[in-house]
Amino acid sequence: MSEGTWSALLPAHEQVRAEVRTIVDEVVAPQAAELDRSGEYPWAAHRALVDAGLYAPHLPAAYGGRDADALTSCLIIEEVARACASSSLTPNVTRLVSLVLLAAGNEQVRERYLPAVTRDGAILSFALSEADAGSDVSAISTRAVRDGDSYVLNGAKRWITNGNVADFHLVVAATDPGPASCFMVHADDPGVRVGAAEDKLGVRASPTCPLYFEDTRIPADRLVGREGEGLRLALAALDHSRITIGAQAVGVAQGALDYAVRYIEGRRQFGRAIAEFQGVKFTIANMAMKLAAARELTYAAAARCAAGAEDLRFYAAAAKCFASDVAMEVTISAVQLLGGNGYTRAHPVERMMRDAKVTQIYEGSNEIQRLVMARTLLADA
């Protein structure tokens with residue numbers, strides 16, 4: 001099934017898709033199964049995206065980026081996720097953090113971190129969640145106390161993607177005045193400790209770790225934006241980043257659909273290909289139909305992101321929620337179509353099903369996304 005027929009795709013978008021697909025075919029796909037087994041970070045895919053200028057294309061040219069729109073970022077994430085969801089996650093998180101830096105960082109902060117991303121492939125983490133502050137981000141307890149020309153951080157963060165490989169962490173910590181502020185913390189700052197990586201169901205090659213801050217002293221010029229606006233900045237960035245989670249989900253679903261189609265065309269039972277059976281045709285048609293709808297909604301959200309549309313929050317939440325639900329449904333159907341083979345690691349659809357699950361959970365669970373959508377519709381919500 002073609003993914004390039006949407007009316008808003010420009011030749012530049014198609015060129016990016018082709019560039020990424022070459023990297024996926026040559027670097028990402030051959031390593032995906034082994035990385036899932038080993039849990040090793042996808043360094044080769046990371047380096048290939050950096051070298052091609054596709055790791056952070058949304059950044060301005062002044063910082064080494066391509067000035068690319070949100071749809072370009074979606075296409076990159078989608079194409080990588082078709083073969084390996086883990087490999088698609090690090091550029092997504094780096095985008096999330098860099099959006100905060102672009103929105104609120106002064107020129108000194110931007111110059112310090114953004115060229116390092118495009119030039120050196122610096123890895124960023126978004127340290128917002130805590131053990132008791134997941135969906136309720138206002139409950140964060142990590143604190144940053146001003147002490148002269150420094151801030152001293154104490155606390156712990158949980159479920160931090162890239163936690164043990166990130167060069168820099170964007171940490172949201174409670175401050176006075178205001179509920180919270182954003183800070184850039186370096187991985188080698190004294191008092192920063194990384195906990196053991198989680199043993200996860202899916203996206204196993206993308207590390208998820210707790211971070212601990214014990215009297216971590218950082219210069220005051222690493223404050224991003226103003227004191228007290230940390231939650232606003234973080235939540236605003238998530239409105240943009242959730243679109244690329246939708247794209248990731250679309251990519252995972254597309255990979256599962258592609259594999260299932262090839263399988264049912266080659267698998268024979270009762271003297272003919274199982275693709276000829278009506279029930280199988282209905283299943284594959286429903287998979288493709290829902291995937292097409294998820295892709296269009298995600299691309300529409302990306303267009304609103306680029307335009308700064310007032311309804312971006314609704315569309316970002318809708319794209320993330322709908323696409324991830326579709327990804328879960330499509331990957332489960334793919335496993336079912338493969339029967340016993342689908343339940344084995346000899347075929348990638350079981351990995352894709354495991355990977356799809358987390359897209360319904362991170363960057364705000366789908367229950368939270370439905371609340372976000374409702375609040376944009378109801379005046380007293």
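Residues numbered from 1 in each chain as written. Predicted model: local features only at pLDDT ≥ 70, side-chain atom pairs only at ≥ 80, totals over all residues. Heavy atoms only, no water.

Chemist: What should I look at first to understand the environment of Asp149 in this one?
Modeler: Tracing the backbone through its elements, the reader meets Asp149 in the loop between strand E2 (143–147) and strand E3 (150–161). Overall, Asp149 belongs to the exposed group, its relative accessible area being 65%. Taking the C-alpha atoms as reference, Asp149 lies 41 Å from Met373; in sequence the two are 224 residues apart. With residues near it in sequence (within four places) discarded, Asp149 still touches Ile218, Pro219 and Ala220. (Helix = DSSP H or I, 4+ residues; strand = E, 2+ residues; numbered from the N terminus. Buried < 20%, exposed > 50% of the residue type's maximum accessible area, 1.4 Å probe, protein only. Contact = heavy atoms within 4.5 Å.)

Chemist: Would you mind showing me how to read the pairing of strand E4 (residues 168–173) here?
Modeler: For a regular strand, side chains alternate in direction, first toward one face of the sheet and then toward the other. Here E4 lies mainly inside the structure; six of its six residues are buried. Burial along E4 is two-sided: Phe168, Leu170 and Val172 and His169, Val171 and Ala173, pointing in opposite directions, are all buried. In this structure, E4 lies alongside strand E5 (residues 181–186), joined through six bridges in antiparallel fashion. Residue pairing across strands places Val171 opposite Phe183, the latter belonging to E5. (Pairing = 2+ DSSP bridges.)

Chemist: Would you take a moment to explain helix H4 (residues 85–104) for this structure?
Modeler: Side chains that are three or four residues apart share a direction in an α-helix, a result of its 3.6 residues per turn. In this model, H4 (20 residues) spans 30 Å end to end at C-alpha, consistent with the 28 Å of a helix rising 1.5 Å per residue. Among the 20 residues of H4, 19 are classified as buried, and the element is accordingly described as predominantly covered. (Expected span 1.5 Å × (residues − 1).)

Chemist: I'm lost on the sheet that holds strand E8 (residues 223–224) in this one. Help?
Modeler: Paired through their backbone hydrogen bonds, the strands of a sheet run either parallel or antiparallel. Pairing is mixed across the open sheet formed by four strands, whose spatial order is E1-E4-E5-E8. Taken across any chain shown, the strands that pair with only one partner, and hence form the sheet edges, are strand E1 (124–127) and E8. Sheet contacts for H4: E1, E4, E5 and E8; angle to E1, the most-contacted strand, approximately 75°. (Axes fitted to C-alpha atoms, helices over the stretch in contact; angles between N-to-C directions.)

Chemist: So what exactly am I meant to see when it comes to the packing of aromatic side chains here?
Modeler: Each pair of aromatic rings is reported with the distance of its centres and the angle of its planes. The final tally for this structure, using the stated rule, is five aromatic pairs. Judged by centre distance (6.4 Å) and plane angle (80°), the ring pair of Phe270 and Phe277 falls under edge-to-face. Classification of Phe270 as exposed rests on a relative accessible area of 79%. Owing to a relative accessible area of 23%, Phe277 belongs among the partly exposed residues under this scheme. Seen in terms of ring centroids, Phe314 and Tyr315 are 5.6 Å apart; in terms of plane orientation they differ by 75°. Their pairing is edge-to-face. With relative accessibility at 24%, the residue Phe314 sits in the partly exposed group. Positioned over the ring face of Trp159 is Arg158, at 4.3 Å from the centre of the ring. (Phe/Tyr/Trp six-rings, centres within 6.5 Å; stacked < 30°, edge-to-face > 60°. Lys NZ or Arg CZ within 6 Å of the ring centre and 35° of its normal.)

Chemist: Looking at this model, I keep getting lost on the environment of Ile361. Mind explaining?
Modeler: Relative to the elements of secondary structure, Ile361 occurs in the loop between helix H9 (349–359) and helix H10 (366–377). With relative accessibility at 48%, the residue Ile361 sits in the partly exposed group. As for Ile361 and Thr22, which are separated by 339 residues in sequence, their C-alpha atoms are 30 Å apart.

Chemist: It is not clear to me how the side chain of Glu130 should be interpreted in this structure. Could you clarify?
Modeler: Mapped onto the secondary structure, Glu130 falls in the loop between E1 and E2. A distance of 2.8 Å separates the side chain of Glu130 from the side chain of Thr142, its partner in a polar contact. A polar side-chain atom of Glu130 sits 2.9 Å from a polar atom in the side chain of Lys157. (Polar contact = N/O pair within 3.5 Å; in protein donor to acceptor, adjacent residues only side chain to side chain.)

Chemist: Mind showing me how you'd approach the sheet that holds E3 here?
Modeler: The sheet built from four strands is open, its strands ordered E2-E3-E7-E6 with antiparallel pairing. Across the chains shown, the open sheet's two edge strands, defined by having one partner strand only, are E2 and strand E6 (192–194). The sheet shows a mean angle of 10° between the axes of neighbouring strands, direction not considered. In the sheet, E6 pairs with strand E7 (residues 208–219) via three bridges, with the strands oriented antiparallel. When the bridges of E7 are listed, Arg193 appears paired with Tyr212.

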